Amino acid sequence: MSAEAPPLPATPWRSNLSRLTRLPGVFALAAVLVAFLVGLLLVVAMGVPLGKAIPAFLSGAFGSGYAISASLNRSVVFALVGLGFILANRAGLTNVGGEGQIAIGGIVATAVALYGGVDGLPLGLPFILPMLAATLAGGVWGGIAGVLRARVGTNEVISTLLLSFIAVWLLYWCVQSEHLLRQPMTTSATLPESAEIPHSTQLPLLTGSYATPVTIGLPIMIVLAILVAVVLARSGLGFRLRAVGLNPVASARAGIRVASTIVLAMFIAGALGGLAGAMMLQGEQYTLKTGFSSGYGFDGLVVGLLARGSVSGVLSAALLFAFLRSGGIAMEMSAGVPTALVMVIQGLIVIMIAGAAYWLERREASA
Amino acid sequence: PSYAEEPLKVGILIPGSKTDHGWMESGYDGLVAAQTKYGDKIAVQMIENINYADMDQALTQLASGNGLVIGVGGQTQASVYKIAKRFPEVKFSVVGGNKVEEDLPNVAGYDVKQAEIAFVAGAAAAMLSKNGAVSYVGGLEIPSIVNAGAEFGNGARYINPDIKYFENYTGDFDDVAKSKEATLAAIAQGADVHYHILNLGLRGMEQAAKEKGTHIIGSYTDYCGTDPLYVAYSITGVGYQVQYAIDQAVAGTWEAGYKPFGLAMGPQASDMIVCEGTPEMAEKLKAIMQDILDGKITVLEG
Amino acid sequence: MTWEMLAVFIGSSLRLATPLLLGAVGELVSERAGVLNMSIEGMMLTAALAGAVGAWATGSPEIGLLAGLLAVLPVAALQAFLTNGLRANQIVTGLGINILVLGITTLAYREIFGARSRETIPGFDKWSPPVLGDMPVFGEAVFQQVWLVYAAIGLVLLTGFVLAHTALGVAIKACGENPRAVDKSGLSVTMIRSGAVMFTGFTAALGGVFLSIGDIHTFTEGMTNGAGYIAIVAVIFGNWRMGRTVIACLLFGAATALQFQLPAMGIEIPNALLIMAPYLLAFIAVAGLVGRQNAPPALTVPYWRA
Amino acid sequence: MLQLEGISKRFGALAALSEVHIDFAAGEVHCLLGENGAGKSTLCNIVFGVHEADSGSMTLDGAVYRPTGPAEALGAGIAMVHQHFSLLEDMSVVDNLILGQGRGVLKRQEWAEKVRALGERFSLPLEPFARVGDLSIGERQRVEIVKCLMREPRVLILDEPTAVLLPDEIAALLAVCRRVAANGCAVILVTHKLAEIKQVADRVTVLRGGVVVTQSTEPEAEIDRLVEAMIGRDLGSLSGVASGAVGAEGAVGAFEASHTPDEAGEGAEEVVQIDGLTVRDTAGAVRLDNVTITLRRGEIVGVAGVEGNGQSELGLVLAGLLPATEGKVFVGTRELTRATPAEVTAAGVGIVPEDRHRVGSIVAMSLTDNLLLNRVERFTRFGLMRRGAMRRTAEAMIGRFDVRAAGPEVPFSSLSGGNQQKAVLARELETEGLVFLVASQPTRGLDVGAIESVYRLIREACARGVAVLLVSSELDELIGVADRIVVLYRGRAVGTLPARPENRPAIGAMMAGHAQ
Ligand SMILES: Nc1ncnc2c1ncn2[C@@H]1O[C@H](COP(=O)(O)OP(=O)(O)OP(=O)(O)O)[C@@H](O)[C@H]1O
Ligand SMILES: Nc1ncnc2c1ncn2[C@@H]1O[C@H](COP(=O)(O)OP(=O)(O)OP(=O)(O)O)[C@@H](O)[C@H]1O
Ligand SMILES: [Mg+2]
Ligand SMILES: [Mg+2]
C-alpha cells in the first residue's frame, strides 16, 4: 500500500515539475493562512486580545537570535525525518516510524558518547562517532521494516508504527535499568536518566555562543537535503526507487534488485531518523530520558507527508512547524494562550493540504 | 502616590498539566496562593505541558524575562542546570530537585521528601485498615515514587507487622483506567485503604474505591471533609515550595543550594492528617514523625 | 493465583479490552472496505469529551452517550469526505485529524470545565446479567460490568454476521478487495466506504464514551492515550478477521491487566516489557512468524473510476 | 433499441471518439471492429456510464439515456463484461454475483440454484461455491458473463471477451451471444478476430481513430473490405500468419510460405536446456511437472496448451520470478536454475512476459525509461543518470522497432496496446548478448498490424541465431511461426510435434488431454 497510489495509471504526462512547484506552493500558503485565521478566531473566542497574542507569537518565533536558533535546530530534526520519508516514499514506502528511529538514535548516541571511549579523541570524532553510530542504528531499525516488507510482504506502515512503540518503550527500559544506560545510582533518589554526555561529544555551535545556539546540525542537514534532492532527481538510485515504487514486479523482471532497493530505502529513512535523534541528544538535551523523542518523529512524518515528494517542500514545512512551535510557546507564556492552539493550527494545515492535494492534481490532469 | 516599585518577575515551568489533580496542580496552587498574597508585587509568566525537546527553549525564554525561574518537578532539573549556567544573574528553583554533585551559585533544589511522609501514611493506613491489608499505586517507576511505595509498606508494617501490602506502578501518572484496575486488583486481595502518588490517575483509584466501598489516603493537599472517600491526607508541599521560592525572592533572602523539605520544614511542607482520627492516632503519628526527624526511624530518600 | 484473583484478572482484562474492542470493530469494517482509518484515535477522544460534558451538564450518562455519538459525526464525516470524496492520503488525513482533535478537546475541556475542575461527572451504573451475575466468585468480579461491555459483545456478533452473511457485508469486503468490481456492479464505492468510516465513528464513539463515563467517570486531556492506535494494531494482529481481532483485543487487555496481577503474585518482569507486550506481539504477528498476513488489497488506495 | 448520435470524447489532446453514430438493435449481435486504440473500449465505457461523452446524445428505446455511472446503466438494463475482469478473487462465485444484486441477509443456496439454472440454460457451467481465485481464465470469464445475464439485460456489451479464451470456450461464448440475442437482447461484441465476426455478427461497425469508417450488415461476405477499412490499407500487404492469427481468409494457405523450415535448427548447437523442471505451488499442488525442452540456435519452439496448464509458471521460472522446486535450466554454459531476474538478464535471456502491464512495463514511467529498464546501470555514471545518452538510445530503438509514440518522453501508458508490446519486445531484443528469448502471449489483444510487426521482430532475432520459446494460446499462431510445438497438459509436456497445419488435430487432442 503506497501512500500516494497513483490515481490513474496515466496522469503524469504533464510535467512533474509543474505539479510539484505550482501546486503545493500557492495552495500550501493559502492553507497556512486559513489555519492561522482560524487560530486567531480561537484566540479571540478565548477572550485574549489579539494585540497581546500576535506580538507574543511573533517575538517568540522571530524576536531574538535565540528564538530563531532554537527554531532552526528544531527544523533540522523535522527536516531529516521528512527527507527520509520522501526518499522511502519514492519507492512506494510509507515510513511512519520516525519517532522510534529518533529514540533508537538517541539510545545509541548516548551509549557511544558515554561508554564508547570517544571522549578525548581528536578531529571532532567525539561528536561525530556517536552521530554515525546513531545513524547506523536508526538505519538498521528502519531496515528491519524494509526486510520484512521485502521478504514477508509486511506492510511497512504497520511495522514501522509498531517498531516506534517498541523503541519508545525500549528507551524507557534503557534509562530505568542500571545495567543499561541509567546514570550510576549515587543515592536511592537518582533519577532514571542517563548521565550527561561529555562536552566534547556535544554538537559544536556555529556561532560558538549559547545566545544563538545553532548547531552544526543545520549545515549537515542542508548538505543532506541537497544530496537527497540530487539522488531523487538525477541518480540511478533515484530511478530505481521510482521504478520499484511504481511497479515492483516489472522492476524485478527488468533486473532491478527490488528487495535490496526496498531495504536500502527504509535503511536511509531510518538512518536519517537516527541521525535526527543523535542531533536532539547531542545538540541540546545531553541526557537521555523517557519522553526524549518528544513527538518530533510524528511532526517530521507530517512534514514529509506535506512535502509531497519535494525536498523544498520538506524544508518549507519543517521551518513552518518549527517556528510555529516556538511562537506557540511564547504565546502561552506571554498571553496565556494554551499551546494546544498550535496543535489546532497544525492539524488544520495538514488536513487542508492533504485534502486538496489530489483534487488539484486531478483537476490539472483533466484540464 | 507611592513610587512604582518594579514587580518581581517570576517565570514558572510546569512540565505536565496544571490541572492534573496532583503534583503539577499542587505546584500551580502554590503559585496562585503567592499571586494572591503579593498581588502587583509579582508578575508571573507560566507555561505548562512542555516536553523534553522544547524544555531548554521554554526555560531560556523564561530566564530572559524574569528574575526568578521555577521548575516544578525533578524532570526539569537537568535542563535547569544547563540553562542556569547561561543566565548567572537569574535565580532558579527546582521543586522536587535532588542533591547534585556540582552546585551552581544560582540554582536551588528543594527536595520534597515524599518517602518520609509515605512512611507516616503507611502507619496511618495500617491503623485505619479493617482488613489488615493496604495498597499503593504509583505512576512512573522512578526512585522517589518507588521509595515512597517502599516506605509506605514499611510504615504499615511498623504498626502491624502482619499487614498485607500491595504495590503497583501503572507507568503513567495520568492513566485513569490503569490506576483503577490496579486498585481493583489490590482490593481483590483484601486491601481497604489505598495510598498513591498519582496525578490524573487518581480519578481511577477514586472510582474503584467508590465501587468497592474502600478508602483512600490523599496526597499533596488537605481536603478533609470534602469527600467521604478520603479518610486521611498526607501533605506534600509542592505548592508550599513554589511559594517558598517566591517568598524568599521577594524578601531578598533567596539562597542557592540543596534544601531538604519534608518534615523538617514543618507541617506546611509535610504532614499527615487523619480526618476523623482519634487523639491516640494523632499522638502515635506525631511520635513517628518525631522519630523520623530524630533519625530513630530512617527512611529512603525521594 | 487464587480464584478470586483470577476472577478480578478476567474482569479487569474485559474492561481494559472493551474500548479497544469497540474501536477495533469499526476499524475492521473500515479497513475491510479499504480505508485505513487512523483518525479513530481522534474520534474516541472527541466522544470521550462530549460524553463527559453531556453527562455532566445534564446529569444523565445516557445523554452523555448521545452527545458523544453526535460529536463524532462531524469528525467521521470529515474523515469520510477527505478520504473518499477528495481521495486524500488516508494516513495524512488521519494524523491531521488526530492532531486537530487533541488541540480542540484540550482547549474545549478547559473552556467548559475551567482550569481546575473537581466536578464529578456522572457515569453509567454497573449491571450484571441474571444467572451469570449470581455465580459465586466470578459473578461479581467478571460479570458486573457497565452495559456497554455487553453492548460491545453484541456489536461484535452483529458486525460479524453482517460481514459474513449479508449483501452489505459482501459489498464492504469487495470495496477493500476490488473497488472497481464494486463500481462496475452499480454500487457506489464512495458511499460504501464513507458509510464504513461513519460506522467506525459510531463504534469509536462508544469506545470513547466508555473510556470517560463508562468505567471511570471522568475526562482527562488526551485520555485515549493511544487506545485508537492499539485498536488498529489489534485489527492488524487479527489479520483482518473478526474472530482474531476480538482475540487480539482481549489479549492486549489481558497483557495490561497482568501488570497489576504479577506483583501480587510476586513475579518480577520489567514493566517496560509488559507495556510493550501488545506491540511486540503484534510485531511478531506481522513479521510473518505466525502465518501469512492478508491485508485487504485495496487498503489505503483511493478509488477513481477511470 | 440503443442509438448513439454524434458521440465525441476527448482525453486531453487526443480525440478518442469523434461524431460517432451507431444504432444497436434488439436481437442482433453487433460487432465493433478496430485497431488498438481505435476507441472501441471508450465507446463501450460511454454506453456503460464509466465515461461521460463530451458531446452527442444517446437514446434508449426512444428515451434520452445519459448515464452518470454504471449504476444507471445497469438500472437501464445495460450490462457489460470488461476485458479486464473485475472479480473478487478471494470470494466465491456466488458472492461475486451477489455483489450489487443481492439485498439484505443472504440466502446463498438460492443464489447457487440460480447459478446452476442459468448455467444450464446458456451452457455456462459453474461451481457456485468455488473461490474465484482458483478458477481458470475461461471460468472467470463465465462468472463475468453470468453476472451480467443474471440481471437479464436488454443490452449486453462484451469488450474483447475472447482474447484470453480457448477455441472451445470461444465457440461456447459465441453460442451464448447468439442465444442472448435470440432472447431479444442487443449484444455489442468487441473483437479483433475476424473468424468470430463471421461466425456470429449480424452487423459490424468498424472504427478507426475514433471515427466510424464503415458498417456492414453482411459481414461474412464483406470481411476483406472490413479488414481493409480497419487497417486502412490493402489486405494483401499482410503476411499469412498475421491474418491467420485473426482468422482472416486465406490464412492456412499462407502458412507454408511463411514457415521456417524445420531443418534450420537441425545440427545447430543446443543453447538452452530445460531439464526436468518441476514447480509446486505454496499449497503443494504440482503446477509444472518434469518438463524437459531443448532449444537450438535460431530455433523457435512453440508451447501450446490450454491456459492454466503450466505455461505461466514456465514463463515465470525462466524469468527468475518463481523458484523451481526441481530440475535445472541451462542457457549456453550457464546454469540459471535459481537465478535472479538480474542474472537471467545478464545471461542474455530476454523475457516478454504475458502480462505486459503488470510485469512487462512500468506504465507511469516514460517510454524511454521503459525501453532501457533492463540496463539502467549502463546509463549511470558516478551514480547519476545520463539522460542525454538514454534519450539518444531510446530514439534509435523507437526508430528501429517502429514504436509509434508522440515522443520518447511520453508516459508509457499513453501508447496503444500494440505499440506497448512492440516497445517491450524491443527492450528484450536489445538485451545484451541475447541468446534466448522467451515470449509469452506476445500478440494477445493486438490488432493485425501490430501482430505482423511482432512476428517480424521475432523472426529477425531468430535469423541472428537467437533461440525462441514462444508461449501462446493461439494454435494458429504457433503453427505459423514455430518450428516445433511442445504441448503442455496439466503441467506436463505431453508431446512434441513439428509445427505443421496437418498436425493441428493431433496437437488439439493433446491439448485436451487425449494424448497417446
Ligand atoms: N482515460 C483515458 N485518458 C486518456 N486517454 C485515454 C483514456 N482512455 C482511453 N484513452 C485513449 O483513447 C484511445 C482509445 O482507447 P480505447 O481503449 O477506446 O481503444 P480500443 O479500441 O479499446 O483499443 P484496444 O483494442 O487496445 O482495446 C487510445 O488512444 C487510448 O490511449
Ligand atoms: N492512454 C490512457 N491514458 C489514461 N488513461 C487510460 C489510457 N488508456 C486507458 N486508460 C484508462 O485506464 C482504464 C483501464 O483501461 P483498460 O483499457 O485496461 O480497461 P477497460 O476500460 O476495461 O478496457 P478494455 O476492456 O478494452 O481493456 C480505463 O478505464 C481507461 O479509461
Ligand atoms: Mg479496448
Ligand atoms: Mg484496452
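Predicted model only: the values in this text are computed from it and were never measured.

Scoring rules and cut-offs
Residues numbered from 1 in each chain as written. Chains lettered and ligands numbered in written order. Predicted model: local features only at pLDDT ≥ 70, side-chain atom pairs only at ≥ 80, totals over all residues. Heavy atoms only, no water. Near = heavy atom within 4 Å. Polar contact = N/O pair within 3.5 Å; in protein donor to acceptor, adjacent residues only side chain to side chain. Areas by Shrake-Rupley, 256 points an atom, 1.4 Å probe, with all protein chains shown as cover. Nonpolar A, V, L, I, M, F, W, Y, C, P; charged D, E, K, R; others polar. Contact = heavy atoms within 4.5 Å. Buried area = accessible area lost by both parts, 1.4 Å probe. Salt bridge = Lys/Arg side-chain N within 4 Å of Asp/Glu carboxyl O. Helix = DSSP H or I, 4+ residues; strand = E, 2+ residues; numbered from the N terminus. Expected span 1.5 Å × (residues − 1). Buried < 20%, exposed > 50% of the residue type's maximum accessible area, 1.4 Å probe, protein only. Arc of directions from axis to C-beta. Pairing = 2+ DSSP bridges. Axes fitted to C-alpha atoms, helices over the stretch in contact; angles between N-to-C directions. Disulfide = S-S within 2.5 Å.

Student: A description of the site of ligand 2 should follow, citing residues and the corresponding values.
Tutor: Close contacts around ligand 2 come from twelve residues, with Ser41, Gln83, His84, Asp159 and Ser413 of chain D the closest. Residues close to ligand 2 are split across chains A, C and D. One nitrogen or oxygen atom from the side chain of Ser41 of chain D is found 2.2 Å from an oxygen atom belonging to ligand 2. Separating an oxygen atom of ligand 2 from a side-chain N or O atom of Asn45 of chain D is a distance of 3.1 Å. Relative to its free-state accessible area of 590 Å², ligand 2 is covered by the protein chains to the extent of 70%. Residue composition of the shell around ligand 2, by class: two nonpolar, eight polar and two charged.

Student: Give a detailed account of the interface of chain C and chain A, specifying residues and quantitative values.
Tutor: Chain C puts 46 residues into the contact, and the matching count from chain A is 44 residues. Buried surface at the junction of chain C and chain A, both sides included, amounts to about 4000 Å², of which 84% is carbon and sulfur. The largest share of the area that chain C buries against chain A comes from Leu107, Phe283 and Trp304 of chain C, three residues that together contribute 16% of it. Counting every contact that joins chain C to chain A gives zero salt bridges. Between the two partners, chain C and chain A, sit zero residue pairs in polar contact (both at pLDDT 80 or more). Secondary-structure elements contributing two or more residues to the side of chain C that touches chain A are helix H3 (61-85), helix H4 (90-113), helix H11 (227-237) and helix H13 (271-286) of chain C. For the side of chain C that touches chain A, the leading source of residues is H4 of chain C, giving 14 residues. Residues belonging to the side of chain C that touches chain A are distributed by class as follows: 35 nonpolar, eight polar and three charged.

Student: Report on helix H7 (residues 217-234) of chain A, specifying residues and quantitative values.
Tutor: Residue and element names in this part refer to chain A. Taking 1.5 Å of rise per residue, the 18 residues of H7 would be expected to cover 26 Å, and the 25 Å separating its terminal C-alpha atoms lies within 8% of that figure. Where H7 is concerned, the buried positions are Gly217, Leu218, Met221, Leu224, Ala225, Val228, Val231 and Leu232. An end-on view of H7 places all buried positions within 140 degrees of arc, on one side of the element. Residues of H7 that are exposed and point more than 90 degrees away from the buried face comprise Val223, Ile226, Leu227 and Ala233. Residues of H7 that are buried sit in contact with helix H3 (65-90), helix H8 (236-246), helix H10 (258-285) and helix H12 (311-335).

Student: Help me get a handle on the sheet that holds strand E11 (residues 257-260) of chain B, residues and values and all.
Tutor: Residues and elements named next belong to chain B. Reading across from one edge, E2-E1-E3-E4-E5-E11 is the order of the six strands in this open sheet, with parallel pairing throughout. Each of the sheet's edge strands pairs with one partner strand only, and the pair in question is strand E2 (42-48) and E11. Averaged over all pairs of adjacent strands, the angle between strand axes in this sheet comes to 15 degrees, irrespective of strand direction. With four bridges joining them, strand E4 (residues 91-95) and strand E5 (residues 107-111) adopt parallel strand pairing. Each bridged residue has a counterpart across the sheet, and for Ser93 the counterpart in E5 is Ala108. Helix H2 (residues 52-65) contacts strand E1 (8-14), E2, strand E3 (68-72) and E4 of the sheet and is inclined by roughly 170 degrees relative to E1.

Student: How would you summarise the arrangement of the chains if you had to cite specific residues and measurements?
Tutor: Considering every one of the five pairs of chains in contact, the largest contact total is recorded for chains A and C. A minimum C-alpha distance of 37 Å separates chain B and chain D, which share no contact.

Student: Mind laying out H3 of chain A, listing which residues take part and the relevant values?
Tutor: Given 3.6 residues per turn, any residue in an α-helix points the same way as the ones three and four places further on. Residue and element names in this part refer to chain A. Helix length check: H3, at 26 residues, gives a terminal C-alpha distance of 36 Å against a target of 38 Å (1.5 Å per residue), a fit within 8%. Taken across its 26 residues, H3 has 23 buried, putting it largely inside the fold. Immediately beyond the C-terminal end of H3, within one or two residues, lies Gly92, with a positive phi of roughly 80 degrees.

Student: Run through the site of ligand 1, naming residues and quoting values.
Tutor: Taken together, 14 residues surround ligand 1, and among them Gly37, Gly39, Lys40, Ser41 and Thr42 of chain D come closest. Chains contributing residues to the immediate surroundings of ligand 1 are chains A and D. Separating an oxygen atom of ligand 1 from a backbone N or O atom of Ala38 of chain D is a distance of 3.2 Å. One nitrogen or oxygen atom from the side chain of Thr42 of chain D is found 2.5 Å from an oxygen atom belonging to ligand 1. The fraction of the free accessible surface of ligand 1 (630 Å²) that becomes covered by protein chains is 75%. Considering each element in turn, the shell around ligand 1 owes the most residues, three residues, to helix H1 (residues 40-47) of chain D. Across the shell around ligand 1, the residue classes break down as five nonpolar, six polar and three charged.

Student: Which residues make up the state of the cysteines, and what values go with them?
Tutor: Enumeration over the complete set of coordinates arrives at one disulfide over all chains. Sulfur-sulfur distance for the disulfide between Cys224 of chain B and Cys275 of chain B comes to 2.0 Å. The sign of the S-S torsion, about -85 degrees, decides the handedness of the disulfide formed by Cys224 of chain B and Cys275 of chain B: left-handed. Residue Cys224 of chain B is found in the loop between strand E9 (215-218) and strand E10 (230-236), and its partner Cys275 of chain B is found in the loop between strand E12 (270-274) and helix H9 (279-294); the two are separated by 51 residues along the sequence. Cysteine Cys31 of chain D remains unbridged, with the sulfur of Cys177 of chain D as its closest cysteine sulfur at 7.9 Å. There is no disulfide at Cys185 of chain D, and the cysteine sulfur nearest it, in Cys177 of chain D, is 9.5 Å away.

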